[in-house]
Amino acid sequence: GGVATVRTAMVHPPPPSFYKLYDPAREEPPPGPPPPVVGQYTAFGATHTTEKVEDVLHSAKLYTTDGDIREELKRLNKELLTRFTALVANMVQAPSQYE
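Residues numbered from 1 in each chain as written. Predicted model: local features only at pLDDT ≥ 70, side-chain atom pairs only at ≥ 80, totals over all residues. Heavy atoms only, no water.

Student: Please explain the overall build of the chain as it appears in this structure.
Tutor: For the chain, the count of helices and strands is 1 helix and 2 strands. The secondary structure elements of the chain, listed N-terminal to C-terminal, are β-β-α. Surface accessibility of the chain: about 10,200 Å² in total, with carbon and sulfur atoms responsible for 61%. (Helix = DSSP H or I, 4+ residues; strand = E, 2+ residues; numbered from the N terminus. Areas by Shrake-Rupley, 256 points an atom, 1.4 Å probe, with all protein chains shown as cover.)

Student: So what exactly am I meant to see when it comes to a nonpolar patch on the surface here?
Tutor: On the surface, F84, L87, V88, M91 and V92 cluster together into a nonpolar patch covering about 460 Å² of accessible area. As for its placement among the helices and strands, V88 is situated in helix α1 (residues 69-93). (Patch = residues over 30% accessible without salt bridge, like charges linked within 9 Å, V, L, I, M, F, W, Y side chains within 5 Å. Salt bridge = Lys/Arg side-chain N within 4 Å of Asp/Glu carboxyl O.)

Student: Can you walk me through unusual backbone geometry in this structure?
Tutor: Negative phi is the rule for most residues except glycine; trans is the rule for most peptide bonds. At F44, a residue that is not glycine, the phi angle is positive and equals roughly 55°. Structurally, F44 is set in the loop between β1 (40-43) and β2 (46-49). On the basis of relative accessibility, which here comes to 89%, the residue F44 falls in the exposed class. (Buried < 20%, exposed > 50% of the residue type's maximum accessible area, 1.4 Å probe, protein only.)

Student: Would you take a moment to explain the pattern of salt bridges for this structure?
Tutor: Pairing between side chains of opposite charge can happen when their charged atoms approach one another. Overall, the coordinates contain 4 salt bridges when judged by the stated rule. The partner of R26 in a salt bridge is E28, with the nearest N and O atoms 3.2 Å apart. Two residues, E72 and R75, come together in a salt bridge whose shortest N-O distance is 2.7 Å. Remark: R75 and E72 occur in helix α1; sequence separation between them is 3 residues, near one turn of the helix. For E72, a relative accessible area of 10% translates into the label buried.

Student: Got a minute to help me understand the environment of R83 in this structure?
Tutor: Its place among the elements puts R83 in helix α1. Separated by 2.5 Å, the side chains of R83 and E79 make a polar contact. (Polar contact = N/O pair within 3.5 Å; in protein donor to acceptor, adjacent residues only side chain to side chain.)

Student: Whenever I open this one, the environment of G39 confuses me. Can you help?
Tutor: Looking at the element boundaries, G39 is found in the segment before β1. Residue G39 is classed as buried on the basis of its relative accessible area, which comes to 16%. Apart from the residues within four sequence positions on either side, G39 is in contact with H48, T49 and T50. (Contact = heavy atoms within 4.5 Å.)

Next comes the structure, spelled out in structure tokens:
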């Protein structure tokens, strides 16, 4: 018979070398966080930007602050129910479109 070889593998990789900077026994304070990114950056393969972009969905005001608040709430409730009913009707007609 052959000799069985035992292979050992690490379950987790070793920690990065800078972990020693945060040792509680260390006399110097740990370094602060890095400065915030300005402009474009890449995360998880996608390019993002820190510049403010106006959100077109939330740019329009959906309600008015002048007048009777009860009437405004009734109007918003009616608008919500109308849009929800239209959405459900569309989903009934073509359910595969909303997967």
